[in-house]
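The primary structure of each chain is shown beneath.
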Amino acid sequence: MTSIGIIGAGMIGNVHAEAAQRIGTKITCVFDSNEEKRSAFAEKFSCEAEATIESILSRDDIDGVVIAVPNFQHAPLAIQALNAGKHVLLEKPMALSIAECDAILAARDLSGKVLQLGFVCRYSPAAMKAKALIDNGAIGDIVSIQATLLRQRGIPGLGGWFTTKKLSGGGCLIDIGVHLLDLVMHMTSMTEPKRVIGRCSQAFTMANYAYDEMWSDPVENGTFDVEDRIRASIAFETGMVFDLNVSWATHIPEQTIADGLVIEGKHGALIVDLWNDELIHSYSVDGKPHSEIIKIQLDDAWNDAFDGEHRSFAQSVENGELPEGAGTGEDGKRVQEIVEAIYASNDAQKEMAI
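Keep in mind it's a predicted model, so treat the numbers as computed, not measured.

About the thresholds
Residues numbered from 1 in each chain as written. Predicted model: local features only at pLDDT ≥ 70, side-chain atom pairs only at ≥ 80, totals over all residues. Heavy atoms only, no water. Phe/Tyr/Trp six-rings, centres within 6.5 Å; stacked < 30°, edge-to-face > 60°. Lys NZ or Arg CZ within 6 Å of the ring centre and 35° of its normal. Buried < 20%, exposed > 50% of the residue type's maximum accessible area, 1.4 Å probe, protein only. Helix = DSSP H or I, 4+ residues; strand = E, 2+ residues; numbered from the N terminus. Pairing = 2+ DSSP bridges. Axes fitted to C-alpha atoms, helices over the stretch in contact; angles between N-to-C directions. Parallel < 35°, antiparallel > 145°, perpendicular 65-115°, else oblique. Contact = heavy atoms within 4.5 Å. Nonpolar A, V, L, I, M, F, W, Y, C, P; charged D, E, K, R; others polar. Left-handed = near helix turned anticlockwise from the far one by under 90°. Polar contact = N/O pair within 3.5 Å; in protein donor to acceptor, adjacent residues only side chain to side chain.

Draft legend 1. View of the packing of aromatic side chains. This model, assessed by the stated rule, comprises five aromatic pairs. Here the aromatic residues Trp275, Trp302 and Phe306 are joined through ring pairs into a cluster of three or more. Across from the ring centre of Tyr343, 5.5 Å away, lies the NZ or CZ of Lys165, which sits over that ring.

The structure is reproduced here in structure tokens:
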């Protein structure tokens, strides 16, 4: 049985622990700088609470760690864990900069341990089915993709680290946009983005935003210096164009624009809701439009995705290498390169090379 420690006892740390337990991984210990959180976590998951990073990483009875902490801690903790000889499942985004990504990759290579990126959307049952169809040539060569994820009132922890650029690295792009950036490249096997034009905006402020439940409670008199909306168009070496449309908060009513992926190929198209139990395959028959609904076997799409991610990590720990389809450090760095290019395009108000 794989045995792991969890670094970070917040909401996402709990989600990881629940998934790990469902697939048979042992949660041995937890660290969080907040004593109350780590104690509650330890009681909930019947594991030991460690008071320092050094104490959790020095344990011989864990094979790896899940790093589920604020973004600015990703690079230093991943490097420390790898240097301590632990396999690492690192939550997205990989880091706050390309330089930090490079430092993590160097630590991975020196340690010989596995680094898996927490791109959980890869394990969405709908995404896995769509990728299989694409790989089998069901819609031909990919021409364009539109990826949409719009929250109407979903700023996480307004005023806290999520909305403080020096701690998070950015807003909705680096928080949830990174999932779609990675997923599109993973599903299409297109990993050579060349140019991007992006626009970031902030429609709301600390004064005019009405809080709705989303991951973390608001922080009174906090900081909000990141975008709550982003639109970008990314051109790939193959000629594929990828349009990204993401928000934490918007004036657009819920469900006006459907979340998900619209994937157009030369011979057909796929309409993919990542958390649904079906997708739409559209194509031509004798020159006439035709579409079919493809049902997807699942229990709970959200849990299924996290379970798949943890099965992959358990396999990585057991075999000492990432299984096919798992997010690599190179994948994380590539996403960061696009993120930085989008922010640079917004600042310069022009198209940028990646």
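Draft legend 2. Layout of the pairing of strand E5 (residues 87-91). Buried residues dominate E5, accounting for five of its five residues. In E5, alternate side chains face the same way, and those of His87, Leu89 and Glu91 on one face and Val88 and Leu90 on the other are all buried. Note that strand E4 (residues 64-67) and E5 share four bridges and pair parallel. By the bridge assignment, Ile67 is partnered in E5 with Leu90.

Draft legend 3. The arrangement of the packing of helix H4 (residues 74-83) against helix H5 (residues 98-111) in detail. Interaxial distance between H4 and H5 falls to 9 Å at its minimum, and their mutual angle equals 10 degrees. Comparing their axes, H5 and H4 come out roughly parallel. On H5, the residues touching Ala75, Ala78, Ile79, Leu82 and Asn83 of H4 are Glu100, Ala103, Ile104, Ala107, Arg108 and Ser111. Here the contact of H4 with H5 is composed, by residue class, of seven nonpolar, two polar and two charged.

Draft legend 4. Molecular detail of the packing of helix H8 (residues 172-188) against helix H10 (residues 329-348). Relative orientation of the contacting elements H8 and H10 amounts to 120 degrees, with a least axis distance of 10 Å. Taken together, the axes of H8 and H10 lie oblique to each other. You can see that H8 and H10 cross each other, and the crossing is right-handed. Taking contact as the criterion, the partners of Leu173, Ile174, Val178, Leu181, Asp182 and Met185 in H8 are, on H10, Asp331, Arg334, Val335, Gln336, Ile338, Val339, Ile342 and Tyr343. Broken down by class, the residue content of the contact of H8 with H10 amounts to 10 nonpolar, one polar and three charged.

Draft legend 5. Just the side chain of Lys92, in detail. Take Lys92: it is sitting in the loop between E5 and H5. Note on Lys92: relative accessible area 13%, which makes it buried. Within polar-contact distance, the side chain of Lys92 engages the backbone oxygen of Asp175 at 2.5 Å.

Draft legend 6. Up close: the sheet that holds strand E6 (residues 115-118). The six strands lie next to each other as E3-E2-E1-E4-E5-E6, forming an open sheet whose pairing is parallel. In this open sheet, the two edge strands, each paired with only one partner strand, are strand E3 (48-50) and E6. Going across the sheet, the axis of each strand differs from the next one's by a mean of 25 degrees, ignoring polarity. The pairing of strand E2 (residues 26-31) with E3 spans three bridges and is parallel. From the neighbouring strand, Cys29 faces E3, where its bridge partner is Glu48.

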